[in-house]
Each structure stands twice: as structure tokens, then as C-alpha cells.
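Listed below are the residues making up each chain.
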Amino acid sequence: MSREGVPLSTSSSVQDRPGEHELVVVANRLPVDSRTLPDGATEWVTSPGGLVTAMESVMRTIDSGAWVGWAGAPGEAPEPFDADGMSLYPVRLDQEDIERYYEGYSNATLWPLYHDVIVAPEFHRGWWDSYLTANRRFAAAAAPVAAPGGTIWVHDYQLQLVPRMIRDRRSDVRIGFFNHIPFPPVELFSQLPKRNSILRGLLGADLVGFQRESDSLNFLAAVRKLLGHHVDGMTISVPGIGAAPMREVQVQTFPISIDSSAVSALTEDPEIRERAAQLRRDLGDPEKIVLGADRLDYTKGIRHRLKAWGELLDDGSIDPHDTVIIQIATPSRERVESYRQLRDEVELTVGRINGEHAPLGRPAVSYQHHSFDRREMTALFMAADVVLVTALRDGMNLVAKEYVASRPDLHGVLVLSEFAGAADELRAAVLVNPHDIDELKAAILRSLAMPPEEQEEAMRSLRHQVMEHDVQFWAHQFLENLTASGSPEQEAAPVIRLTGDAPSDPVELDATLRDFTAVPRLLIASDFDGVLAPIVSDRDAVQPDHAALTALRRLSDLPGVAVALVSGRALADLDSHTEMPSSVVLVGSHGAEVGALPPWMQAEVLDKSALSMTPEAEEQLAAITTTLRRIARAHPGTEVETKPTAAVLHTRNAKGRGGINATESALEYATTLPEVTVTPGKEVVEFAVVHTSKGAAIDALSRASAADAWLYLGDDITDESVFAQLGSDDVGVKVGSGDTAAQLRIPDTEAARDLLRRLLELRAEQS
Ligand code: G6P
């Protein structure tokens, strides 16, 4: 079944085959970025940001870990490769994906919206389409990589649709999601077009984790208010779509951290110590060094910090001969307009401050617009007497924790914004509201003047927190809770008995048919299109193989033999193309419509089976049809088809974005109908009130005919539901190529005709 054009999926899904990795991390970026050197060679460098800082060290400790993500450059993805004991699976992002999915929807819509709308989020409908497509690509890359029953851990705001998409492909894995950035209050989140699709995407996970308690509570409030799901404490009950049962999703707070002991150990390295001393000398041996280290991002409060610093220099509270500030601003998202503006403003401000205050030959603000490696950062932290973290909103802020881990000497002061997630844990820092410039200035002065004993006392408490709660502890907590939550269907992916296209050995085939026809009571059934008639593009012009139909007709006259034709076509359609006698049972609409039965069959088996319409089902179908028609009226060009047991919304002829919007509305409606089988296809969504399949039809027919064994011929994916339930005496015959659960393969409709004739011959011999 095709899923193109449909954002979310439902219970009926095509499952990927499992891979080999017990833990698969999916994030927008791989831990390394590829860079092309002037000579054309590829260089790999550590990717920016807190997510990679944290997860990289966790993955190094995991056996059989995989990381799925973008390699940081446009165009074809490099082949999967191994690095640092983990397997990396690069995902392709083209220039247009980068502009719309990454720079657009992720970083100009979601990022500002989730960070308290510090800058105005931009909403563009085309960006959403790219976000959807890119998320689908990450899900498709990640799903086949996990081992059976393994764990897939999806990270951050760029991939919020991925948990649901993976669930659809791999019902056997546990899925976790962790949001590294804040989750906004529902009043802000509600601005987001497609907000419900985002929530539903996240709810594909078994466990959704956030940095702060307030983020978790914001998410729960959004789910309750916008989706109307039942929330009990931190547990959400998610109604199943279609035949899927109700699921529980856990929400929990896990403040992320760093590899604290590794950072702390670096401070023992003689080279790094010497580098720290050297840095101080290079800056002209100032009395105090103050450090700010951030990605150049408007959430980090760099402008507020520089404003406070500039004023302190202006009013003479700080002497630039004694005190220097280093501001590291790692380049980030440089093509996004708000980041360009920020860079201009920051650099203008730095230039002004230096112009007015820098002593000859030395900066007042040492501004560094590039990134530094881990060792250099440690040296900087060791040299810094005060570190300023003045974020206006930040999921966690790992710079704060890295500074603390770099100070086993218990010297130094951390000034920390109360709007950074780290403020919940690092209570001994000098906490500030960065919007209050006077308060910020006072905090800076207090920190510069803090006596060593006071510094030690605060740093001891901060270190206790950071060293005890490192990133390994965080990952362990998350994965332990993920294991305890959810209930992945342990049901293995369908058995594949044959692959490729080689027909079965004729001798084996004949022997199997001979054994089969020796069984007393038989059911012989076949699919129609592709088995009894070659596939044609115009379905009405189908030309059945008359010899094959004749063989079936004759078989149905033999004692102890029941014969059925099973098709996705509507019953009336199948009837008019085959003109079978009443001794042959016709089953249409993939099992949902069953024609008249021969008198000797036990009709009550079928009446009691899932194949029949009850008065309640009739009523439900009428209600669904009314609602779908209302949706169709609101989206010109879409239409509703009614079938005996289903209603179908067709969006192929919709105008503009009407098709996507109508599908969205239909899927939203589907969440209120737990007993209905909702199947999205290509520009179509089918709501069936009778949950059935060709497999269920064969099961019911074989019981109604009291058959001891059955034989089924099929060519299509929908026939696999029959082959999946083969018993030891049953025979499944796949017509044509492709993976199948059938145990025999024949090449085409001609071979199907020969097989049916041979069956007739063998059974006639028996009678
Ligand atoms: C933050 C985000 C990450 C992101 C990183 C770097 O830490 O939470 O998801 O990867 O910033 O940003 P970039 O856009 O360069 O990946």
C-alpha cells in the first residue's frame, strides 16, 4: 500500500524487516559533519550543539548502536560507515530540504515558537510539506536498522513526526522521543498550523521525554486540550486508529547532562593546563577573565550580555585593563534571516565596545566567531573566572554544566539565567533574569568580586549535582523507563518463505498438488486479477483466462471440493467478469462482501464471522459517510465513495492544498473511531466498518466448508494475509515475483491455468 501524501498512518501497515542494532538513535544531525576539502577529500568534524555533545558519549558505551542522521551537507548521502564503535547511517537532504525542512520549518517556525517567540515564528505551508517528507525519509532510514524487539530513540524538534511513522513500520520495537529544546505553553503552541499532526507524531512514541517539568506539563496540557485525549498523571491514553487497540504513552522529565568525569579528567591533562595559562598570558594577564560561549543564536541572550557589559564599561564599574570578556559565538544556521541579523547586531556591538573601551593592543571583548574543540574549550573554562549563561530561553544549556565539570579546583563563578533548563538543578549558581539589565549588571559585579571561600562553597554544591547526574545517568534513566513503558507487539514480522522470482521446482510442485488432492475435504481459492486474468491498466477491460475459470467451475462440481474467488473488486464487479455458477463462492472488497453460498456450506459460520454487517455497523457506516461528506463539501474536488461495508474519501481531484487538508481532517476524525479500520492510500482514505482481509475470508470459508486443507493462489500484497496463516496441510501459491509467505511460486497466469487443470486431473482421479 502506498503512503505517499498521507502524513500519518494507521493500524494496517507494511512492516519493515528487522536489522541488527539493539539501539538506534535518530537525530537531524549525525555526530559528525562531512566537509569537502579543497582537494576534494572528505573531512569529518564534530557537529555543533548540545544534542551531539550529550548523545555522542552515550553511544560510545553502547554495543551495537546505530545513529541515523544528516551529514550536514546538501546532496547525496554518504554510504553507511562505522566510527567510534557505532554505525552511522547518513540521510540525504537536498538543497530544497535544507531550505524548507531544516532552515524553514525546523528553525524559522518551530525553533522560535518553542523558545517563547523571542523572534516571530514564520508559517509557510510549503515548509510543512518538506518537514513531512524529510521526517518520512528519516523514519524510512531508521526503521529497518533496529534489531527485532530493539529500541529506536528519536531526538528533537526537527523529527517530531518520526515516532508515529516508525511505529507504523515496526510494531515490534520500543520507541522513545526526547525533546532537547523547551516545549511551549499550549497558548503559544496553539499558533502552530498542523499542531495536531505534531502531537500525533510524538504520540507514536512509548515514552516522550522533556528537559524540565514545565515542558512535560505543557505537552500534557496540549494533548489534553487539542486532541482531547485522556490524561492521568503523566500517562496519556491514545485511542487506536482502526482496529488498533488503545495505547498508553508515558511523559517524563529527564534533565540532560554531559560526560562529567571525562570533562573533569581533561583538566588533569598538562597540555590543557598549560594552554589555560597561555590563554591568560595572551590576553595580557588580566585580573579577571569572563567567558560567554554559545552558538550564535538569539535564544542565548548574547545581546543582553553585551548590553550589560557595555554599560559596566561605560559607567566605569569595570576597568578593561583588569577585566576581559571572551565571547565565543559558534556560527549557526547562517542562512536563516534572524541569525544573519543577530550576527550583524552582535558584531556591531562588539566593534563599538572595543572601539570605545579596548586598551591599545588588547580587546575589551575578545570575539570569536568559530568553534573550538573540546580540549580548547576545557582550557577556556579553566581560565575563566566567571562564565555568563544569559539565555532568554534554553532547553538545558550544557555550557553551564561543562564549566562546572571543568572546575575541580572549586574556583570560578557561574552566572545562570533562570530561563535555562539548567537553572532547575544548578541552584547554587548566581541566578539572573537576563531581561533585567540592571540585575544582570549587578550579578556580574557580584561574581567578579566574590571571595574565594564563597566561590568554593557554591562550586562544591554545583559539582555535586553535575558529577552525580551525568549524561550516562540521564540515558540510563530514559532507556530504563522506556523499557518499562509501552507494550510493543512482539509479533514478528510476517514470515518470508520465498524471495526473488524463481518458480518452484516442477517436481516439488506436482508432488505437493498430489498430496493436497488426496485430502478428503478441500477448499480451493484464488485471487482474480493477476492470477486468473493478466493485469491490465483499464480494470473494466480485464480478460479472464477462460480455461482457468472452466477448471475452477469443474473443480466446484467434484465431491468434497469447495471453490472460491477472492478479490479486492466489489462483489458485483467480480461477478460480472467471471459469470461463475452458484457452486463457486465469490468474495469481494478484500473479504468484506461475500456472495451466496452453496447450500451445503454452513452459512452460520459466516454470519458469526467478522465478514458480516451488523445493524450497529450499518448505523456506524451511515454516520461515517455523513461526516466524510461534510469534509468533502469543505474541500472542493474531494468526493466520497460508498461501498457496502466502507466509505472512502477520494482526494485525487482536490484543488490546491484541499487534498492534504481533507486527509488531515479525515485522520483526525479517525482517532474518534477506535473500532473502524482506517486505511490511508494514495490520495484516498478508506473507513471500513467490517474489519477483514482476504485471510479472514479464507479462514471463514474453510470453516464453513469444513475443509481439511486449503489451497490459495495469489499475486498481490493483499494475498499475503492468506499465506500468512498457512497450516501444515495448506498450500500457498504465489503467482509472479516478490517476497512471499507462500511456499510455492509459479511465474504467471498461464502457469496458474496449468496448475488448476492439474488439480482437476488429480482430484478427478481420486473421485
Ligand atoms: C540545539 C538543538 C539540536 C541542534 C543543535 C545545533 O542543540 O537542540 O537539535 O542540532 O542545536 O543546531 P544545528 O541547527 O546546527 O543542528
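Small disclaimer: the values here were computed from a predicted structure and weren't measured. (Residues numbered from 1 in each chain as written. Predicted model: local features only at pLDDT ≥ 70, side-chain atom pairs only at ≥ 80, totals over all residues. Heavy atoms only, no water.)

1. A few points about the overall build of the protein
The line we're drawing: Helix and strand assignments follow DSSP, with helices taken as H or I runs no shorter than four residues and strands as E runs no shorter than two, numbered in order from the N terminus. Here's how the labels work: a residue is buried when its accessible area is under 20% of the maximum for its type, exposed when over 50%, partly exposed in between, all with a 1.4 Å probe on protein chains only. Residues are treated as being in contact if the distance between any of their heavy atoms lies within 4.5 Å. Method for areas: the Shrake-Rupley scheme with a 1.4 Å probe, in which residue coverage is limited to the protein chains shown. In summary, the charge assignment counts Lys and Arg as positive and Asp and Glu as negative, without counting His or the chain termini. For this purpose, a charge sits on NZ of Lys, CZ of Arg, CG of Asp or CD of Glu.
What the protein contains, in helices and strands, is 25 helices and 29 strands. C-alpha extents for the protein along the principal axes are approximately 110 × 55 × 50 Å. Buried residues in the protein amount to 56% of all 767 residues. Taking the contacts inside the protein whose residues are at least 6 apart along the sequence as the reference set, 69% of them involve residues at least 24 apart. As presented, the protein carries roughly 30700 Å² of accessible surface, and 49% of it is formed by carbon and sulfur atoms. Taken as two groups, the 72 positive and 113 negative side-chain charges of the protein have centres that lie 3 Å from each other.

2. Concerning the site of the ligand
Our working rule: Here, proximity means that at least one heavy atom of the residue falls within 4 Å of the molecule or strand. The term polar contact refers here to a pair of N or O atoms within 3.5 Å; inside protein, the definition further demands a hydrogen-donor-capable atom paired with an acceptor-capable atom, and it admits residues adjacent in sequence only when both atoms are side-chain atoms. Throughout, the ten residues Ala, Val, Leu, Ile, Met, Phe, Trp, Tyr, Cys and Pro are labelled nonpolar, Asp, Glu, Lys and Arg are labelled charged, and all others, Gly among them, are labelled polar.
Around the ligand, the surrounding shell holds 14 residues, and the nearest of these are Arg-29, Tyr-102, Asp-156, Gln-158 and Arg-333. In the environment of the ligand, an oxygen atom lies 2.5 Å from a nitrogen or oxygen atom belonging to the side chain of Tyr-102. The contact in question runs from an oxygen atom of the ligand to an N or O atom on the side chain of Arg-333, over 2.7 Å. Protein contact buries 94% of the 370 Å² of open area that the ligand shows by itself. Going through the elements one at a time, helix H1 (50–60) and helix H2 (95–114) are the ones with two or more residues in the shell around the ligand. Its residues assigned to classes, the shell around the ligand comprises five nonpolar, five polar and four charged.

3. Here's the deal with unusual backbone geometry
Most of the time, phi is negative for any residue but glycine, and the peptide bond is trans. Within the chain, Ser-64 stands out as a residue other than glycine whose phi angle is a positive 60 degrees. Locating Ser-64 in the fold gives a position in the loop between H1 and strand E4 (65–70). Ser-64 gets classed as partly exposed once you look at its relative accessible area, which sits at 32%. The backbone of Ala-706 sits at a positive phi, close to 50 degrees, despite the residue not being glycine. By the secondary structure assignment, Ala-706 is in the loop between helix H23 (694–704) and strand E27 (709–714).

4. Concerning a negative patch on the surface
Convention followed: Put simply, a patch holds well-exposed residues, over 30% relative accessible area, that have no salt bridge, with like charges counted together within 9 Å and Val, Leu, Ile, Met, Phe, Trp or Tyr side chains within 5 Å. Whenever Lys or Arg places a side-chain nitrogen within 4 Å of a carboxyl oxygen from Asp or Glu, that contact is recorded as a salt bridge.
Residues Glu-418, Asp-436, Asp-438 and Glu-439 make up a contiguous surface patch of negative charge. Summarising the element assignment, Asp-438 is placed in helix H14 (residues 437–448).

5. Quick look at the domain arrangement of the protein
Formally: For each domain, the first and last residues come from an automatic or database assignment.
As far as domains go, the protein holds domain 1 (5–257 + 478–484), domain 2 (260–466), domain 3 (506–611 + 692–766) and domain 4 (615–688). Between the C-alpha centres of domain 2 and domain 4 there is a distance of 56 Å.

6. Let's talk about helix H18 (residues 546–557)
Condition: An expected span of 1.5 Å times one less than the residue number is assigned to each helix. Regarding the arc, it is the one traced by the directions from the helix axis to the C-beta atoms.
The terminal C-alpha atoms of H18, which comprises 12 residues, lie 17 Å apart, in line with the 16 Å expected from a rise of 1.5 Å per residue. Buried residues of H18: Ala-548, Leu-549, Ala-551, Leu-552, Leu-555 and Ser-556, and no others. Buried residues of H18 fall within an arc of 155 degrees about the axis and therefore sit on the same side. Across from the buried face of H18, at angles greater than 90 degrees, the exposed residues are His-546, Arg-554 and Asp-557. Looking at the packing, one finds that the buried side of H18 touches strand E19 (522–527), strand E20 (561–566), helix H19 (571–578), strand E21 (584–588) and helix H25 (749–766). Between a side-chain oxygen at the N-terminus of H18 and the backbone nitrogen of Ala-547 the separation is 3.0 Å; the capping residue is Asp-545.

7. Remarks on the pattern of salt bridges
Pairs can form between side chains of opposite charge whenever their charged atoms are close. What the rule picks out here adds up to 42 salt bridges. Glu-668 serves as the salt-bridge partner of Arg-200, at 3.8 Å between the closest nitrogen and oxygen. Of the two residues, Arg-200 sits in helix H6 (residues 195–202) while Glu-668 sits in helix H22 (residues 658–670), which places them 468 residues apart along the sequence. Looking at Arg-200, the relative accessible area reads 3%, which means it is buried. The class of Glu-668 is partly exposed, set by a relative accessible area of 27%. Three or more residues joined by partner-sharing salt bridges are found here, namely Lys-307, Glu-311, Asp-315 and Lys-441.

8. So, the packing of H6 against helix H7 (residues 213–227)
Relative placement of two packed helices is described by the angle separating their axes and the distance separating the axes. Threshold: The axes used here are C-alpha line fits, helices contributing only the stretch in contact, and every angle between their N-to-C directions lies in the interval 0 to 180 degrees. Orientation labels follow simple angle bins: below 35 degrees gives roughly parallel, above 145 gives roughly antiparallel, 65 to 115 gives roughly perpendicular, and whatever is left gives oblique. Crossings are assigned a handedness: left-handed for a near helix turned anticlockwise from the far helix by less than a right angle, right-handed for a clockwise turn.
At a minimum axis distance of 11 Å, the contact between H6 and H7 shows a crossing angle of 120 degrees. In terms of axis orientation, H6 runs oblique to H7. As H6 packs across H7, the resulting crossing turns out to be left-handed. Judged by residue contacts, Arg-195, Asn-196, Leu-199, Arg-200 and Leu-202 of H6 engage Phe-219, Ala-222, Val-223, Leu-226 and Leu-227 from H7. Of the residues in the contact of H6 with H7, the class split is seven nonpolar, one polar and two charged.

9. Remarks on the sheet that holds E19
Sheet strands pair via backbone hydrogen bonds, and the direction of the pair is either parallel or antiparallel. Quick reminder of the rule: Note: two strands are recorded as paired if DSSP finds a minimum of 2 bridges between them.
On the basis of which strands lie adjacent, the open sheet formed by seven strands has the order E22-E21-E20-E19-E27-E28-E29 and mixed pairing. The strands lining the two open edges of the sheet, one partner per strand, are strand E22 (593–594) and strand E29 (744–746). Sheet analysis places E19 next to E27, joined by five bridges and oriented parallel. Across the sheet, residue Ser-526 finds its bridge partner in E27, namely Leu-713. Here H23 sits on the sheet and contacts E19, E20, E21 and E27; the angle it forms with E19, its principal contact strand, is near 155 degrees.

10. Describing the pairing of strand E14 (residues 323–330)
The condition that has to hold: A right-handed crossover is one whose linking path, passing over the helix from the first strand to the second, runs clockwise when the strands point away from the viewer.
Where burial is concerned, most of E14 is hidden: eight out of the eight residues are buried. Judged by which residues are buried, E14 turns out to be covered on both faces: Thr-323, Ile-325, Gln-327 and Ala-329 on one side and Val-324, Ile-326, Ile-328 and Thr-330 on the other are all buried. Sheet analysis places strand E13 (residues 288–295) next to E14, joined by eight bridges and oriented parallel. Bridge pairing in E14 links Ile-289 to Val-324. A crossover connection joins E13 to the parallel E14 through helix H10 (residues 302–314); in handedness this β-α-β unit is right-handed. Running through helix H11 (residues 337–357), the crossover from E14 to the neighbouring parallel element strand E15 (residues 365–368) is right-handed.

11. Here's the deal with the environment of Pro-320
Structurally, Pro-320 can be placed in the loop between H10 and E14. With relative accessibility at 12%, the residue Pro-320 sits in the buried group. Sequence-wise, Pro-320 and Lys-307 are 13 residues apart; in three dimensions their C-alpha atoms are separated by 15 Å. Residues in contact with Pro-320, not counting those within four places in the same chain, are Leu-313, His-357, Pro-359, Arg-362 and Ala-364.

12. Concerning the nonpolar core
So the rule is basically this: Among buried residues, those of type Ala, Val, Leu, Ile, Met, Phe, Trp, Tyr and Cys that are joined through side-chain atoms within 4.5 Å constitute a nonpolar core.
Ranked by internal contacts, the top residues of the largest apolar core, which has 94 residues, are Ile-198, Phe-219 and Ile-236. With nine residues, H2 is the single largest residue contributor to this core. When residues of this core are assigned to domains, at least three fall in each of domain 1 (5–257 + 478–484) and domain 2 (260–466). One finds Trp-67, Met-86, Ala-429 and Leu-482 within the second-largest nonpolar core, a separate group that totals 66 residues.

13. A closer look at the side chain of Glu-720
Here Glu-720 lies in helix H24 (residues 720–723). Among buried charged residues, Glu-720 stands out as having no salt bridge; its nearest opposite-charge side chain is Lys-734, 4.3 Å away. A polar atom in the side chain of Glu-720 sits 2.8 Å from the backbone nitrogen of Ala-741. Setting aside chain neighbours within four positions, we find Glu-720 in contact with Lys-734, Asp-739, Thr-740 and Ala-741.

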